[in-house]
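Summary of the model geometry
Okay, here's what each chain looks like letter by letter:
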There are 2 protein chains.
Amino acid sequence: MSALKVPVEPLTRAAFVPFGDVIETDGSAHYTINQGHAERFHDLARIDVQEAGGKPLINIFRATPWPNPVCIAAMERHPLSSQAFVPLSTTPFLVVVAAPTDALRPEHLRAFVTSRRQGVNYARGVWHHALLALEQQSDFLIVDRGGAEPNCDEVFFGRDEIILDYPVKQQ
Amino acid sequence: MSALKVPVEPLTRAAFVPFGDVIETDGSAHYTINQGHAERFHDLARIDVQEAGGKPLINIFRATPWPNPVCIAAMERHPLSSQAFVPLSTTPFLVVVAAPTDALRPEHLRAFVTSRRQGVNYARGVWHHALLALEQQSDFLIVDRGGAEPNCDEVFFGRDEIILDYPVKQQ
């Protein structure tokens, strides 16, 4: 069986509506603060972490680029919370998602590549791949949920069943 | 009356204990995730935004450098919540703080300059100056509280009463 090749689209707010928020200044409401010394781009993501006594966490993920081609061997979802990823550099990354379902199949997957100025916030229950950094090791700020309850489901696919149609540059 | 000159120290976790958290990977607990493709530096700040029905917000502040010398004309505090600032670039910034008090005076102020890899989280009630970006216009991710309740107190000082002892490079 040949692998399913998932096309990789540029990330846009419109395309990402079923999956959560694109965190970016372009096109976002903003207003001036600090006596003119800053613009506040306000409330850029629905941070949904308080279910069942959860609390917001801030973390940094230091991500190493994935090997080429990118095989999608597993997807995960957080049934209790959203999870936001914002790059702390201008390195782009790949975003692989599927809308909430209890019967995830390869053909449900959508893949996006960020600009150098975008983060994402996966809505609760949205299937997503682990962080797929590009180009170089890079840091991301993560806002997710702290709490003792199990909050990660995983689905696994066959080896070489799904690959991304994206030419990842080698190191 | 001559201005009070506040010395500017390098930001360290130890020095910042009375004011909140330094958000950085150096010295932070971490563990491997994503089949070895990422390190998770876990729970780097006490995000305290849920008082009185508050919810966490993610915002981006686009900050313009302050004029030189930096005069501290006002300080603010958020009585209901913490507020985190993480740079989305490697531009350093200045942090001016004072421990919680209802009688803030100029001599209470402490000032720090970040490395290129540090953010801060002001604890609830900690006095702080507005964002003081250095070098160039730069973006910061802010995690603070959404809610209708008043949540910002300000104290004002005289013109040229307090300046930072820091040589800000001109644009």
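In the block above lies the structure referred to throughout.
A brief look at the structure comes next. Everything numeric here is computed off the predicted structure, so don't read it as measured data.

What the seven strands build is an open sheet, ordered β2(A)-β10(A)-β7(A)-β13(A)-β5(A)-β4(B)-β3(B); its pairing is antiparallel. Looking at the sheet topology across the chains shown, the edges are occupied by β2 (20–23) of chain A together with β3 (30–33) of chain B. Within the sheet, the average angular offset between the axes of one strand and its neighbour, ignoring direction, is 25°. Where strand β5 (residues 55–63) of chain A and strand β4 (residues 38–41) of chain B come together, four bridges link them in antiparallel fashion. When the sheet's bridge partners are listed, Phe61(A) is paired in β4(B) with Arg40(B).

Once turned by 180° and shifted 0.0 Å along the axis, chain A lies on chain B with an RMSD of 0.0 Å. The relationship between the two copies is best expressed as a two-fold rotation axis. Within chain A, the C-alpha atom positioned nearest to the axis of rotation is that of Leu88(A), 2.3 Å from it. Interface overlap between copies is the fraction of interface residues in one copy that are interface residues in the other; for chain A against chain B it reaches 100%, indicating a shared surface.

This brings us to the nonpolar core. Core analysis: the biggest nonpolar cluster contains 26 residues, and Ile23(A), Ile58(A), Ile23(B) and Ile58(B) have the highest contact counts within it. For this core, the elements supplying multiple residues, two or more each, are β5, β7 (83–87) and β13 (138–146) of chain A together with β5 (55–63), β7 (83–87) and β13 (138–146) of chain B. Apart from the residues lying within four places of it in its own chain, the contact partners of Ile58(A) are Leu141(A), Ile142(A), Val143(A), Ile23(B), His42(B), Asp43(B), Leu44(B), Ala45(B), Ile47(B), Ala84(B) and Val143(B).

Looking now at the sheet that holds strand β4 (residues 38–41) of chain A. By way of backbone hydrogen bonds, the strands of a sheet pair with one another, either parallel or antiparallel. Sheet architecture is open: seven strands sit in the order β3(A)-β4(A)-β5(B)-β13(B)-β7(B)-β10(B)-β2(B), paired in antiparallel fashion. Both edges of this open sheet fall to β3 (30–33) of chain A together with β2 (20–23) of chain B, since each of them pairs with a single strand only. Going from strand to strand, the sheet's axes swing by 25° on average, the running direction of each strand aside.

As a further point, take the pattern of salt bridges. All names here are of chain A. Counted according to the given criterion, the structure contains 28 salt bridges over all chains. In this structure, the salt-bridge partner of Arg-110 is Glu-9, at a minimum N-O distance of 3.0 Å. On the criterion of sequence distance, the pair formed by Arg-110 in strand β9 (residues 110–113) and Glu-9 in strand β1 (residues 4–10) is long-range, its members being 101 residues apart. Classification of Arg-110 by relative accessible area gives partly exposed; the value is 30%.

About the criteria used
Residues numbered from 1 in each chain as written. Chains lettered and ligands numbered in written order. Predicted model: local features only at pLDDT ≥ 70, side-chain atom pairs only at ≥ 80, totals over all residues. Heavy atoms only, no water. Pairing = 2+ DSSP bridges. Helix = DSSP H or I, 4+ residues; strand = E, 2+ residues; numbered from the N terminus. Axes fitted to C-alpha atoms, helices over the stretch in contact; angles between N-to-C directions. Least-squares fit on C-alpha atoms with pLDDT ≥ 70 in both. Contact = heavy atoms within 4.5 Å. Core = buried A, V, L, I, M, F, W, Y, C linked by side-chain atoms within 4.5 Å. Buried < 20%, exposed > 50% of the residue type's maximum accessible area, 1.4 Å probe, protein only. Salt bridge = Lys/Arg side-chain N within 4 Å of Asp/Glu carboxyl O.

Remember, this is a structural readout, not a statement about activity or role.
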